[in-house]
Amino acid sequence: MAIIDLRSDTVTRPTSEMRRAMAEAEVGDDVFGDDPTVIALEERAAQLLGKEAGLFVASGTMGNLVSQLAHLSRGQETITGGESHVVIDEAAGHAVIVGTSIRSLPERPDGTVDPQAVAAAFRDPSDPHEPITGLVIVENTHAHSMGQPISPAQTARIAAVAHERGVPIHVDGARLWNAAVALGVSGAELAAPADSVTFCLSKGLACPVGSVVVGGREFIWRARRGRKLVGGGMRQAGILAAAGLVALRDGSAGMIERLADDHTNARRLAEGLADLRGIVSAGGIAQPAPGRLDPERVRTNFVLFRVERDRAAFLAALRARGVLMVEYPHGQVRAATHHGIHSADVDATIAATAAALAEMAAVPVGAGSA
């Protein structure tokens, strides 16, 4: 049975062109700083986002981690959204490795945090009882709001609050290019208000491994030291970086422009699911209004919803029909479109979901949907 894997955009496979580029990549030793393909990738990423320099890292989590190491001193505090990846999905690396605390704030349904709330969250540096605020982080796209893209203006408002107080802003842009495509703006426009940005190559851009951090030269030097500290020095990493150079090409030769297809497929999927009895609003900031799943909430490549069935059993019924989705926080289910998912797969997924729901129609909601 052919598998339609919607668990995440991290399940993408490198293209044939990426594989050829990887096989033929010119390499050196990246820890010594002489891998030409890594250097080319870092320069390309920095150029696209309007920053001075870049750093190739193993993952988005590592990108956020080394950025925190570069920006913060032990005992300082970061302000960010309470449902951000840094808070929920990075194994408390900010505390364990960076030695800092996080002050988390509630996000709004558009994925943003109220700038006034950010301003109020800054600590009093004259009070020895309080940590020193050292960084503000914005996530773009914002995963738990159903992948909402954060506009340059929204980021600029948060940056203004931080910069007025002498504090940098970091953008966790794991899916930054999805935001750029959805908003019809350049990556440089999205990155402009930020002091540092990280984005993933291994999600919608379909590379096998890696992320890139960009920012000023001095920041990148500190981040490079942080990468060494966490064991992130990769030697002949040009083999991996070569795929990133293919992904970051202009136009249809690269992988950024085609993210629009993923967004279209996600919206089509949401429209089909919304018509099925047993599929309902994701709730929370993903879709505050109860009732029917609202396809208008789908702006990038995430579809979040709840099922009026036992969630674990529902996912198992889908799996039996060759469709993979994943449990998500707040009792939700996530489907993520990506390279390799086509319109026919969307149709097949809607049909499989309808069949799974029909099979389970008599099954009461149980602990798996809590």
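Scroll up to find the structure.
Note that the structure is predicted; figures quoted are calculated from it, not measured.

**Student:** Can you lay out the overall build of the protein chain for me, pointing to particular residues and giving the numbers?
**Tutor:** From N to C terminus, the protein chain includes 14 helices and 13 strands. Taking 370 residues into account, the globule formula puts the C-alpha radius of gyration at 21 Å, and the protein chain, at 21 Å, falls close to it. Principal axes of the C-alpha set define a box for the protein chain whose edges measure 60 × 55 × 35 Å. Scored against the burial criterion, the 370 residues of the protein chain give a buried share of 57%. Taking the intrachain contacts of the protein chain between residues at least 6 apart in sequence as the baseline, contacts between residues at least 24 apart amount to 76%. Summed over all atoms, the accessible surface of the protein chain reaches about 14800 Å², with 53% contributed by carbon and sulfur.

**Student:** Go over unusual backbone geometry, please, and point to the residues and values.
**Tutor:** Following N140, the chain continues to T141 via a peptide bond in cis, the omega torsion being 0°. Along the chain, T141 falls in the loop between strand 5 (133–139) and helix 7 (152–164). Positive phi outside glycine occurs at A91, with the angle close to 55°. Inspection of the secondary structure assignment puts A91 in the loop between helix 4 (85–88) and helix 5 (93–98).

**Student:** An account of the pairing of strand 10 (residues 302–307) is needed here, citing residue identities and associated values.
**Tutor:** Across the six residues of strand 10, five count as buried, placing the element largely inside the fold. When strand 10 meets strand 13 (residues 332–336), the two strands line up antiparallel, connected through four bridges. In the strand pairing of strand 13, F302 is matched with A336.

**Student:** Tell me about a nonpolar patch on the surface, residues and numbers included.
**Tutor:** Side chains of V96, I97 and L229 sit close together on the surface and give an oily, nonpolar patch of about 300 Å² of accessible area. You can see L229 is positioned in helix 10 (residues 217–229).

**Student:** Can you tell me about the pairing of strand 2 (residues 53–57), naming the residues and giving the values?
**Tutor:** Among the five residues in strand 2, five count as buried, and that is most of the element. Burial along strand 2 is two-sided: A53, L55 and V57 facing one way and G54 and F56 facing the other are all buried. For strand 2 and strand 8 (residues 211–215), the ladder comprises five bridges, and the chain directions are antiparallel. Within the sheet, the bridge partner assigned to G54 lies in strand 8 and is V214.

**Student:** Talk me through the sheet that holds strand 6 (residues 169–172); I want residue IDs and the actual numbers.
**Tutor:** The strand order across the open sheet built from seven strands is 2-8-7-6-5-3-4, with neighbouring strands paired in mixed fashion. Only two strands of the sheet have a single neighbouring strand rather than two, namely strand 2 and strand 4 (101–105). Within this sheet the neighbouring strands show an average axis-to-axis angle of 20°, counted without direction. Docked against the sheet, helix 7 engages strand 5 and strand 6, running at close to 150° with respect to strand 6.

**Student:** Any details on the packing of helix 1 (residues 16–24) against helix 11 (residues 238–247)? Residues and values, ideally.
**Tutor:** The relative placement of two packed helices comes down to the angle between their axes together with the axis-to-axis distance. At a closest axis distance of 8 Å, the pairing of helix 1 and helix 11 adopts a crossing angle of 140°. Comparing the axis directions of helix 1 and helix 11 gives the class oblique. In this structure, helix 1 meets helix 11 at a crossing whose hand is right-handed. Of the residues in helix 11, those in contact with E17, M18, A21 and M22 of helix 1 are I239, L240, A242, A243, V246 and A247.

**Student:** Please provide a residue-by-residue account of the packing of helix 12 (residues 259–274) against helix 14 (residues 343–359), values included.
**Tutor:** Relative orientation of the contacting elements helix 12 and helix 14 amounts to 25°, with a least axis distance of 10 Å. Judged by the inter-axis angle, helix 12 sits roughly parallel to helix 14. Helix 14 is crossed by helix 12, and the crossing has right-handed handedness. Side by side, helix 12 and helix 14 meet where N265, R268, L269, G272 and L273 of the first sit next to S343, V346, D347, T349, I350 and T353 of the second. Of the residues in the contact of helix 12 with helix 14, the class split is four nonpolar, five polar and two charged.

**Student:** So what's going on with helix 13 (residues 311–320)? Which residues, and what values?
**Tutor:** Those residues of helix 13 that fall on the buried side of the exposure criterion are R311, F314, L315, A317 and L318. Burial along helix 13 is one-sided: seen end-on, the buried residues are contained in an arc of 160°. At its buried positions, helix 13 is contacted by strand 10, strand 11 (323–324), strand 12 (326–328), strand 13 and helix 14.

**Student:** Kindly report on the nonpolar core, identifying the contributing residues and their values.
**Tutor:** Counting residues in hydrophobic clusters, the biggest one holds 52 residues, and the most contacted among them are F56, V118, W177, F199, L201, L205 and L248. The biggest single contributor to this core is helix 2 (residues 36–49), with six residues. Counting 37 residues, the second-largest nonpolar core is a separate cluster that includes A143, I279, L293 and L357.

**Student:** Go over the packing of aromatic side chains, please, and point to the residues and values.
**Tutor:** Applying the stated rule across the entire model yields three aromatic pairs. Ring plane angle 85° and centroid distance 5.7 Å describe the contact between W177 and F199, whose orientation is recorded as edge-to-face. Taken together, the positions of W177 in helix 8 (residues 176–183) and F199 in strand 7 (residues 196–200) put the pair 22 residues apart, joining distant regions of the chain. Directly above the ring of F122 sits R165, whose terminal nitrogen or CZ lies 5.4 Å from the centroid. The ring of F32 carries the charged tip of R235 above its face, separated from the ring centre by 5.9 Å.

Each value, and the rule that gives it
Residues numbered from 1 in each chain as written. Predicted model: local features only at pLDDT ≥ 70, side-chain atom pairs only at ≥ 80, totals over all residues. Heavy atoms only, no water. Helix = DSSP H or I, 4+ residues; strand = E, 2+ residues; numbered from the N terminus. Rg over C-alpha atoms; globule rule 2.2 N^0.38 Å. Buried < 20%, exposed > 50% of the residue type's maximum accessible area, 1.4 Å probe, protein only. Contact = heavy atoms within 4.5 Å. Areas by Shrake-Rupley, 256 points an atom, 1.4 Å probe, with all protein chains shown as cover. Pairing = 2+ DSSP bridges. Patch = residues over 30% accessible without salt bridge, like charges linked within 9 Å, V, L, I, M, F, W, Y side chains within 5 Å. Salt bridge = Lys/Arg side-chain N within 4 Å of Asp/Glu carboxyl O. Axes fitted to C-alpha atoms, helices over the stretch in contact; angles between N-to-C directions. Parallel < 35°, antiparallel > 145°, perpendicular 65-115°, else oblique. Left-handed = near helix turned anticlockwise from the far one by under 90°. Nonpolar A, V, L, I, M, F, W, Y, C, P; charged D, E, K, R; others polar. Arc of directions from axis to C-beta. Core = buried A, V, L, I, M, F, W, Y, C linked by side-chain atoms within 4.5 Å. Phe/Tyr/Trp six-rings, centres within 6.5 Å; stacked < 30°, edge-to-face > 60°. Lys NZ or Arg CZ within 6 Å of the ring centre and 35° of its normal.

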